[in-house]
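What the coordinates show
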Amino acid sequence: MPDRAGHVRTESAAPGWISRHRPPEQSLFNGIYGLVLASALVAALDPAGEEADPGPDALWVVLTALASAAAHGYAHVIAQRASADGAVTTGRLRLVLHEWPLVAAVLPTVALLLGAAAGWWAESVAVDVALLFNTVALFGWGVVAARTAGYRWPSACRAGAMDMLIGLAIILANALIK
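Everything in this summary refers to the structure shown in the same document. As the structure is a prediction and not an experimental result, all values here were calculated from the model.

Reading the values: the criteria
Residues numbered from 1 in each chain as written. Predicted model: local features only at pLDDT ≥ 70, side-chain atom pairs only at ≥ 80, totals over all residues. Heavy atoms only, no water. Helix = DSSP H or I, 4+ residues; strand = E, 2+ residues; numbered from the N terminus. Buried < 20%, exposed > 50% of the residue type's maximum accessible area, 1.4 Å probe, protein only. Contact = heavy atoms within 4.5 Å. Areas by Shrake-Rupley, 256 points an atom, 1.4 Å probe, with all protein chains shown as cover. Axes fitted to C-alpha atoms, helices over the stretch in contact; angles between N-to-C directions. Left-handed = near helix turned anticlockwise from the far one by under 90°. Nonpolar A, V, L, I, M, F, W, Y, C, P; charged D, E, K, R; others polar. Expected span 1.5 Å × (residues − 1). Salt bridge = Lys/Arg side-chain N within 4 Å of Asp/Glu carboxyl O. Phe/Tyr/Trp six-rings, centres within 6.5 Å; stacked < 30°, edge-to-face > 60°. Parallel < 35°, antiparallel > 145°, perpendicular 65-115°, else oblique.

1. Here we look at the overall build of the protein
On a plain count of helices and strands, the protein comes out with seven helices and zero strands. Along the protein, helices and strands appear, N-terminal first, in the series α-α-α-α-α-α-α. A buried classification covers 35% of the 178 residues belonging to the protein. The long-range fraction of contacts in the protein, counting pairs at least 24 apart against all pairs at least 6 apart in sequence, stands at 70%. Total accessible area on the protein is roughly 10200 Å²; 69% of this is exposed by carbon and sulfur atoms.

2. Section: the packing of helix α2 (residues 25-44) against helix α5 (residues 100-117)
Interhelical geometry of α2 versus α5 gives an angle of 35° and a closest axis separation of 6 Å. Where α2 crosses over α5, the handedness of that crossing is right-handed. Where α2 approaches α5, its residues Ser27, Asn30, Gly31, Tyr33, Gly34, Leu35, Leu37, Ala38 and Val42 are matched on the opposing element by Pro101, Leu102, Ala105, Val106, Thr109 and Leu113. Residues of the contact of α2 with α5, tallied by class, amount to ten nonpolar, five polar and no charged.

3. Here we look at helix α7 (residues 153-177)
Spanning 25 residues, α7 covers 36 Å between terminal C-alpha atoms, matching the ideal 36 Å at 1.5 Å per step. Taken together, the buried positions of α7 are occupied by Ser155, Ala156, Gly160, Gly167, Ile170 and Asn174. Those residues of α7 that are buried lie in contact with α2 and α6 (123-148).

4. Focus on the pattern of salt bridges
Under the definition given, this model contains one salt bridge. Across the pair Lys178 and Asp46 runs a salt bridge whose closest N-O atoms are separated by 3.1 Å. Residue Lys178 is found in the segment after α7, and its partner Asp46 is found in the loop between α2 and α3 (54-83); the two are separated by 132 residues along the sequence. According to the relative accessible area criterion, Asp46 is buried, its value standing at 13%.

5. Comments concerning the environment of Val77
If you trace the backbone, Val77 turns up in helix α3. The buried category is assigned to Val77, whose relative accessible area is 7%. Spatially, the C-alpha atoms of Val77 and Val96 are 7.6 Å apart, while their sequence positions differ by 19 residues.

6. Points about the packing of aromatic side chains
Scanning the entire structure with this criterion turns up two aromatic pairs. Ring centres 6.1 Å apart and planes at 15° place the aromatic pair Phe29 and Tyr33 in the stacked group. With Phe29 and Tyr33 both in helix α2 and four residues apart, this pair spans about one turn of that helix. Its relative accessible area of 41% is what places Phe29 among the partly exposed residues.

7. Examining the packing of α6 against α7
The interhelical angle for the contact between α6 and α7, taken along N-to-C directions, is 155°, at an axis separation of 7 Å. One finds that α6 runs roughly antiparallel with respect to α7. For the pair α6 and α7, the sense of crossing is right-handed. Residue classes in the contact of α6 with α7 are distributed as 18 nonpolar, five polar and two charged.

Here is the structure:
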């Protein structure tokens with residue numbers, strides 16, 4: 001039976017492997033957030049006409065991801081504290097630590113920048129490849145999320161394409177700003 005958007009959602013639509021290895025919602029959220037964060041940062045840290053400095057840029061991407069993950073996890077702690085008894089528990093520490101997919105999602109971008117710092121390629125190449133990789137990864141996350149929700153392939157690919165538009169918007173903005 002189709003949902004409001006006309007998507008057919010059935011358990012048989014999701015392959016067995018995906019059904020058994022369903023990624024947690026928090027991992028999907030943080031993975032997508034991390035990819036968008038990495039794309040925006042790598043585009044912003046590579047201004048046109050300035051000397052390339054990929055080592056410090058890689059450090060900034062990691063530090064920003066760590067700060068974002070900590071802030072997001074701490075926001076969960078504050079929200080839980082406001083709704084509960086206020087005592088800090090190990091469960092609240094786990095809320096912060098569950099933000100690790102956000103940091104993991106920026107690692108391919110960091111690796112590309114470190115490769116540029118090592119002289120394996122130019123920083124502009126690392127930025128272009130990182131933006132392309134992150135955009136394709138956004139498509140993949142969108143497809144995986146839709147398939148685990150039981151969407152069929154055409155609907156899942158449309159969902160992935162919508163997620164990919166975020167990466168394409170960052171690529172377009174990067175090109176227009178430079």
